[in-house]
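# Observations on the model geometry
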Number of protein chains: 2
Amino acid sequence: VTHSSNNAQGDAAPVKKVGIIGGGQLGLLLCQAGRRIGLHTTVLTDDATSPAVHSADDVLVAQLDDSAAVTTLIQQCDVVTFELEAIPDVTLDKLQTAIDQALVMTHPSVEVMTCIKDKGLQKTWLSDARLPTLPFALIDAKTQADSGGVGGIDLPLVQKARQGGYDGKGVQILRTAEELEELWPVPSVIEPALHNCVEVAVVVARDVDGMISAYPPVTMEFDPQLNAVSTVISPGLLAPEVQKSCRTIASEAVNALGSVGVFAVELFLTQDGELYINEISPRVHNSGHLTIDGFAHDQFEQHMRAVSGHPVAAIESRAPAAVMLNLLYDDSMVAAHTGAPYALALDEHVTLHWYGKPEARPGRKMGHINALGDSTEAALERARAGLAKIQSGDLNPPKAETQAVAS
Amino acid sequence: VTHSSNNAQGDAAPVKKVGIIGGGQLGLLLCQAGRRIGLHTTVLTDDATSPAVHSADDVLVAQLDDSAAVTTLIQQCDVVTFELEAIPDVTLDKLQTAIDQALVMTHPSVEVMTCIKDKGLQKTWLSDARLPTLPFALIDAKTQADSGGVGGIDLPLVQKARQGGYDGKGVQILRTAEELEELWPVPSVIEPALHNCVEVAVVVARDVDGMISAYPPVTMEFDPQLNAVSTVISPGLLAPEVQKSCRTIASEAVNALGSVGVFAVELFLTQDGELYINEISPRVHNSGHLTIDGFAHDQFEQHMRAVSGHPVAAIESRAPAAVMLNLLYDDSMVAAHTGAPYALALDEHVTLHWYGKPEARPGRKMGHINALGDSTEAALERARAGLAKIQSGDLNPPKAETQAVAS
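Conventions and cut-offs
- Residues numbered from 1 in each chain as written.
- Chains lettered and ligands numbered in written order.
- Predicted model: local features only at pLDDT ≥ 70, side-chain atom pairs only at ≥ 80, totals over all residues.
- Heavy atoms only, no water.
- Helix = DSSP H or I, 4+ residues; strand = E, 2+ residues; numbered from the N terminus.
- Rg over C-alpha atoms; globule rule 2.2 N^0.38 Å.
- Buried < 20%, exposed > 50% of the residue type's maximum accessible area, 1.4 Å probe, protein only.
- Salt bridge = Lys/Arg side-chain N within 4 Å of Asp/Glu carboxyl O.
- Axes fitted to C-alpha atoms, helices over the stretch in contact; angles between N-to-C directions.
- Parallel < 35°, antiparallel > 145°, perpendicular 65-115°, else oblique.
- Contact = heavy atoms within 4.5 Å.
- Nonpolar A, V, L, I, M, F, W, Y, C, P; charged D, E, K, R; others polar.
- Buried area = accessible area lost by both parts, 1.4 Å probe.
- Polar contact = N/O pair within 3.5 Å; in protein donor to acceptor, adjacent residues only side chain to side chain.
- Expected span 1.5 Å × (residues − 1).
- Pairing = 2+ DSSP bridges.
- Disulfide = S-S within 2.5 Å.

## As for the overall build of chain A
- Helices and strands together make up the secondary structure of chain A, namely 10 helices and 21 strands.
- Taking 2.2 N^0.38 as the reference for a compact globule, 407 residues should give roughly 22 Å; the C-alpha atoms of chain A span a radius of gyration of 21 Å, in line with that estimate.
- The principal-axis extents of the C-alpha atoms in chain A amount to approximately 85 × 50 × 40 Å.
- Among the 407 residues that make up chain A, the fraction classed as buried is 59%.

Following this line, the structure appears as structure tokens:
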């Protein structure tokens, strides 16, 4: 298996009809970008109330492994792309058969989607491609811990289930011999747990000609209770040379994958300045949401440009610093849940993006706030003021202050 | 007839379903704004290929005086608004009947739409409301010129047909006794022609509570051949105190109308600093297109907020200066006509907005370019560079400059 060649359809003319498997907020924002650039979108989702339903041109509601629905998607679209990793194998197989018959394209390729959705295959590929990544062991469901670790990896260690994890699910840290008893009996990747590293992400777009645009790296802060990203900062507090290294490594990884679209490369930055690729998402990503307001061309437009055969755009920022706050649902967001618009500029620097999910659950990603500033501090302050406004239930932009008197 | 009271439905809760009569680029951009803020739009258009068809949630294709279609629009919508003045009388009558039966609302009111679409009624209203406007005479189809003028207005003078004019159509300047023979035999407004005045427009939003937001005034340059606006500059070269006077007069006029939505107030600014209201458009307007990129809340969002019962937003600019160039079709735009996306950021300061009209005709408004800058000069320079790029057939954003080498 090699991932280093360009997609065979790379020289084809741009296409119009884009199918998207998955209907969440990433699909919503992909469809909005597609509409701006004149593409026609068809979303396959298993939930008729999912956010993308509101922005797609056409919607197919069916399980993601529904054969008839996937057939319809292939018939209706020139190219199919993905807003989540967990695409059922049967669907990937069906897409590959259609590709082989020249009925459709996919970006990224089925090969890359298959590799990335299994964290074991992905890790093996990273290692084989000589990209910087932590040492690891692959274990099966029957593997037992030994006294000091698992599969040759010493404590403290991280266990990542090979299949199905996201947003912190399917990942656990085991620190002590006692905790080793909690090892899940599932096929997993075992890695050393790093101490006090910074989590960095680089969103990279690659087009059919192999040209690459990498956004500045962002640093991510996590909500300790929810184990979900709470704050994303661009370009963060990283020194320029570290920023450059992050972009270079991420670009090399995406180039090595050899596929087309937007990819998010998550990196560990250690205290002594080493960079390791944690994992790659073959899609637009939460860490790239601040590109909506922070850059001339956001990750969603870049992805839609790339998968439809257009060149990706250069990276042009609209402000020196940008910050995103995820809106993880809690009781303070009742007003937003019942009344927020999809997009609301709170002022010229701060925008609320709300996904319109009908069901609110504690900790669920319901939207995000983007803020721009001349410094990270200024952007953060504005973002937090925006959050306070949302939490206070005020879902209006600043009101007009003048009321003319009738003459 | 009085227009100075709030709409009787002013205290109603916000509504969701907005009908728009007219399907041009103004409708396209209104529907896009409606989508962002979670409204449902239904467009009534006589052309199934008109721009708004691509962004409306529902489309009714019928003549604008089609009784069944207007009935359907009333049934499907909470409020009806307009993207053009020339609404047939029979349609306005039908809407008023539905309003009287509490079946629907309209913003602006039928009363205001009826007044404004007839330049004679509008001019009489301006005068009666003691708003600053030029002296005028109303003439009928049989009126003859006298030796020095028409209806008591001396040469040079302007004749404006009372019905149906737009974009310079239905308006002529008569300068000499000889030219007086060209007087059209149609009911008209006759005004003195001003020498070397500056044409200024102020876009004003008024909500159901009577709160008003007025954008900074723009100055307009006209294409001498096409007699259409070619360039709009905000806030132009007007002194701050003149800007203030323009906003005050425009706000007073919109407040006096007492209706809800966005209105464009066109003003003449004479060499000696006098301001006269030329005319009022009861809708979003070409002179407000630079608000899309130049302000946190553009005229389209303000209109949709206002007509759906939300408060209008304060005016917050994103840059000190903004410029818009209308793209009036000529042979240099063939590439754009065949390939431009609806929205394309040429860089972080310049955006192409293309309306996707299937038929290009010389002089037809096909799109516009917005540019921002720290000064009018900087914004103009960027806008013109953007225009040159479009005319060269380059419809891509700046391309990525890096191509990572496979590791």
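## Notes on the pattern of salt bridges
- With the rule as written, the count across this model stands at 22 salt bridges over all chains.
- Of the charged contacts, one joins A:Arg36 and A:Glu301 as a salt bridge, the two residues approaching to 3.7 Å between their closest N and O atoms. You can see A:Arg36 sitting in helix 1 (residues 25-36) and its partner A:Glu301 sitting in helix 8 (residues 299-307), a full 265 residues away along the chain.
- According to the relative accessible area criterion, A:Glu301 is buried, its value standing at 4%.
- Between B:Lys123 and B:Glu191 there is a salt bridge, with its nearest N and O atoms 2.5 Å apart. In this pair, B:Lys123 is assigned in helix 5 (residues 119-128) and B:Glu191 in strand 11 (residues 188-192), connecting sequence segments 68 residues apart. We note that B:Lys123, like B:Glu191, is buried.

## Observations regarding the packing of helix 4 (residues 110-117) of chain B against helix 5 of chain B
Residues and elements named next belong to chain B.
- Axis separation between helix 4 and helix 5 bottoms out at 4 Å; the angle between their running directions is 105 degrees. The orientation of helix 4 with respect to helix 5, classified from their angle, is roughly perpendicular. Note on element contacts: helix 5 touches helix 4 through Lys-119, Leu-121, Gln-122 and Trp-125, opposite Thr-114, Cys-115, Ile-116 and Lys-117.
- Partitioned by chemical class, the residues of the contact of helix 4 with helix 5 number 4 nonpolar, 2 polar and 2 charged.

## Thoughts on the interface of chain A and chain B
- With 46 residues of chain A at the interface, the matching set in chain B holds 47 residues.
- Here chain A meets chain B over a buried area of about 3,800 Å², counting both sides, of which 52% is carbon and sulfur.
- Taken together, the links from chain A to chain B amount to 0 salt bridges.
- Our count for the chain A to chain B interface comes out at 14 residue pairs in polar contact (both at pLDDT 80 or more).
- Elements with a minimum of two residues in the side of chain A that touches chain B: helix 1, strand 13 (212-214), helix 6 (240-257) and strand 19 (343-345) of chain A.

## As for helix 4 of chain B
- For helix 4 of chain B, a buried count of 6 out of 8 residues is recorded, marking the element as mostly surrounded by other parts of the structure.
- Within the span of helix 4 of chain B, buried status applies to B:Val110, B:Val112, B:Met113, B:Cys115, B:Ile116 and B:Lys117.

## Things to note about helix 1 (residues 25-36) of chain B
Residues and elements named next belong to chain B.
- Over its 12 residues, helix 1 runs 17 Å from end to end, which matches the ideal 16 Å to within 8%, given 1.5 Å per residue.
- By the criterion of burial, helix 1 is predominantly enclosed, with 10 of the 12 residues buried.
- Of all the residues in helix 1, the buried ones are Gln-25, Leu-26, Gly-27, Leu-28, Leu-29, Leu-30, Cys-31, Ala-33, Gly-34 and Arg-35.

## With respect to the sheet that holds strand 1 (residues 17-21) of chain A
All names here are of chain A.
- Ordered by their spatial adjacency, 5 strands build an open sheet running 3-2-1-4-5, and the pairing between neighbours is parallel. Strands with a single pairing partner mark the edges of an open sheet, and in this sheet they are strand 3 (58-61) and strand 5 (105-106).
- Pairing between strand 1 and strand 4 (residues 79-82): 4 bridges, direction parallel. Bridging from a neighbouring strand, Gly-19 pairs with Val-80 of strand 4.

## With respect to the state of the cysteines
- Taken as a whole and judged by the stated rule, the model has 0 disulfides over all chains.
- Summary of cysteine pairing: A:Cys246 is not part of a disulfide, and the nearest cysteine sulfur, belonging to A:Cys197, is at 12 Å.

## A closer look at the environment of B:Ala228
Residue and element names in this part refer to chain B.
- Tracing the sequence through the fold places Ala-228 in strand 15 (residues 228-234).
- Taking C-alpha positions, Ala-228 is 13 Å from Met-366, a pair spaced 138 residues apart along the chain.
- Not counting chain neighbours up to four residues away, the residues in contact with Ala-228 comprise Glu-221, Phe-222, Asp-223 and Leu-328.

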